[in-house]
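Residue-level listing of the chains:
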Amino acid sequence: MVDTVGIIRAKRDGHRLSDEQITWFIHNYAAGGVIADEQAAALAMAIFFQGMESDELAVWTEAMVDSGSRLDLGAVGLPTVDKHSTGGVGDKVSLILVPLVAACGAAVPQLSGRGLGHSGGTLDKMEAIPGWRASLSVDEMVDQMRRVGGVIAGATEDISPADRCLYALRDVTATVDSIPLIASSIMSKKIAEGTDSLVLDVKFGSGSFMPELDRARELAHTMVDLGESNGVRTVALITAMHTVLGRTAGNALEVVESLKVLEGEGPDDLIEVTLALADEMVALAGLDADPAEVLASGRPREVFEEMVAAQGGDLSADLPIAPHVEVVTVEEAGWLGRLDCLSVGIAAWRLGAGRARKEDTVSASAGVVCLAKPGDAIEVGQPVLELHAEDPSLFAIAREALEGAIEVVDEAPAPMPLVVDRIGA
Ligand code: URA
């Protein structure tokens, strides 16, 4: 006989949950009516402290996938490969990578989420494009992948509904940052999405979910194992998130920067991470294409335009521009040693680019532009950041977030590698 209190007690006392206990719990929590939120919260906290064995987590994740349906992308007729990033500041990689890998010959079913807190969300960035709509039916997604190759859209209601309930609960019970709970949350959605293969961009550093490299590695191993045990060929790259990726954090600002990369310009760090992920995706899809050459051909820019147009967006329309801009200057000379990622992310969020609660709206034009990056020579009085806002009263709280975030040093700092490890077969 399975019962909720027995499940909570077993995990509290450090035991492995049986397969029956797991499937019963996930099914009933997602269905509602049997398990109270405080009981699910108690189990999440017990998992936070006791962890889960790898076969136990595999059953937990599969039960989450089975709480909804798994998309069948067979009708697309192309190898499908997706990317998921654990999130950071200025991480606009998907906007470049999806059309790039589609231009290499794969289909990319990128079902994304909205941002919460300092970390931006791909849908929020895409929604800065006038007319673009995130919500597509499964038939529309499949049709778009067949015609254009890539799709960025919101996950349908039926993708891991158990995760929606659990994530909302974890958010308010300080149980988000648990490796088994993060891994099962992310992988249940990616497995349900129906992709053949998946590349994970697991971030470490101050702007990420897992600031320590060791924990990021453990998360990556856990997610790769879950993907492989569920028939999704999975590789993870561990990439640094000590400072903003590229030079912008903010929705429309990041669309503009992504377009620059698609047009053959744009910052080196953003291009490096994008191409490293594209190389892995193309290899997993079994394609014989060189993403760097394909990017230089200009074709991914056309694919992006087709993707946007297919979802009602108009790239020829003006993107929103913030009416108020202020600069942050430094009063020392030397080299920029540190531009703290988390602080810039919080500043962008406070300027209106992010949301504190799921229901909040975001400003398309607000954000931060990094006029200098770590390693750059700095003169006295030089502007280092540009703050963009619709409401100028927000500048003061954004500046507060930036206190101590900018460090000028006497010697040029050694460049830090961006891609530090690869996990997977
Ligand atoms: N992103 C997710 O989708 N789930 C988590 O648990 C953390 C980040």
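Conventions we followed
Residues numbered from 1 in each chain as written. Predicted model: local features only at pLDDT ≥ 70, side-chain atom pairs only at ≥ 80, totals over all residues. Heavy atoms only, no water. Phe/Tyr/Trp six-rings, centres within 6.5 Å; stacked < 30°, edge-to-face > 60°. Helix = DSSP H or I, 4+ residues; strand = E, 2+ residues; numbered from the N terminus. Buried < 20%, exposed > 50% of the residue type's maximum accessible area, 1.4 Å probe, protein only. Near = heavy atom within 4 Å. Polar contact = N/O pair within 3.5 Å; in protein donor to acceptor, adjacent residues only side chain to side chain. Nonpolar A, V, L, I, M, F, W, Y, C, P; charged D, E, K, R; others polar. Axes fitted to C-alpha atoms, helices over the stretch in contact; angles between N-to-C directions. Parallel < 35°, antiparallel > 145°, perpendicular 65-115°, else oblique. Left-handed = near helix turned anticlockwise from the far one by under 90°. Contact = heavy atoms within 4.5 Å. Domains from an automatic or database assignment. Buried area = accessible area lost by both parts, 1.4 Å probe. Salt bridge = Lys/Arg side-chain N within 4 Å of Asp/Glu carboxyl O.

### Overview of the packing of aromatic side chains
- A full pass over the atoms with the stated rule returns 3 aromatic pairs.
- Between Phe 25 and Trp 60, the ring centres sit 6.1 Å apart and the planes meet at 20°, which makes this aromatic pair stacked. Of this pair, Phe 25 sits in helix H2 (residues 19-31) while Trp 60 sits in helix H4 (residues 54-66), placing them 35 residues apart in sequence. For the residue pair Phe 25 and Trp 60, the accessibility class agrees, reading buried in each case.
- Measuring from ring centre to ring centre gives 5.2 Å for Phe 48 and Phe 49, while their planes differ by 80°; the resulting arrangement is edge-to-face.
- A relative accessible area of 30% means that Phe 48 is categorised as partly exposed.
- The exposure class of Phe 49 is exposed, given its relative accessible area of 63%.
- Taken together, the ring pairs connect Phe 25, Tyr 29 and Trp 60 into an aromatic cluster.

### Focus on the site of the ligand
- Around the ligand, the surrounding shell consists of Tyr 167, Arg 170, Ile 182, Ser 185, Ile 186, Lys 189 and Phe 209.
- One of the side-chain nitrogen or oxygen atoms of Ser 185 is found 2.6 Å away from a nitrogen atom of the ligand.
- Of all the secondary structure elements, the ones that give two or more residues to the shell around the ligand are helix H8 (161-171) and helix H9 (179-192).
- When residues in the shell around the ligand are grouped by element, the largest group, 4 residues, is from H9.
- Grouping the constituent residues of the shell around the ligand by class yields 4 nonpolar, 1 polar and 2 charged.

### Regarding the packing of helix H1 (residues 4-12) against helix H3 (residues 37-50)
- Direction vectors running N to C along H1 and H3 enclose 20°, while the axes themselves pass 8 Å from each other. Judged by the angle between their axes, H1 and H3 are roughly parallel. Crossing geometry of H1 relative to H3 is assigned as left-handed. For the pair formed by H1 and H3, the contact residues are Thr 4, Val 5, Ile 7, Ile 8, Lys 11 and Arg 12 on the first element and Gln 39, Ala 42, Leu 43, Ala 46, Ile 47 and Gln 50 on the second.

### A few points about the environment of Ile 423
- One can find Ile 423 in strand E13 (residues 419-423).
- Given a relative accessible area of 5%, Ile 423 falls into the buried group.
- It is 6.6 Å that separates the C-alpha atoms of Ile 423 and His 221, two residues lying 202 residues apart in sequence.
- Once residues within four sequence positions are removed from consideration, Ile 423 is found in contact with Arg 217, Ala 220, His 221, Val 224, Val 235, Ala 236 and Ile 238.

### Structural notes on the domain arrangement of the chain
- Looking at the chain, the domain boundaries give domain 1 (4-51), domain 2 (74-316) and domain 3 (324-409).
- In this structure, domain 2 and domain 3 have C-alpha centres spaced 25 Å apart.
- Across the boundary between the two partners, domain 2 contributes 25 residues, which contact 30 residues of domain 3.
- Across the interface of domain 2 and domain 3, roughly 1900 Å² is buried in total on both sides, 56% from carbon and sulfur atoms.
- On inspection of domain 2 and its partner domain 3, the count reaches 3 salt bridges.
- Between Arg 247 and Asp 376 there is a salt bridge, with the nearest N and O atoms lying 3.7 Å from each other.
- At the surface where domain 2 touches domain 3, the tally comes to 15 residue pairs in polar contact (both at pLDDT 80 or more).
- Elements that contribute at least two residues to the side of domain 2 that touches domain 3 include exactly strand E6 (248-249) and helix H11 (251-262).
- For the side of domain 2 that touches domain 3, the element with the most residues is H11, which contributes 3 residues.
- Each residue belonging to the side of domain 2 that touches domain 3 can be placed in one class, and the counts come to 10 nonpolar, 11 polar and 4 charged.

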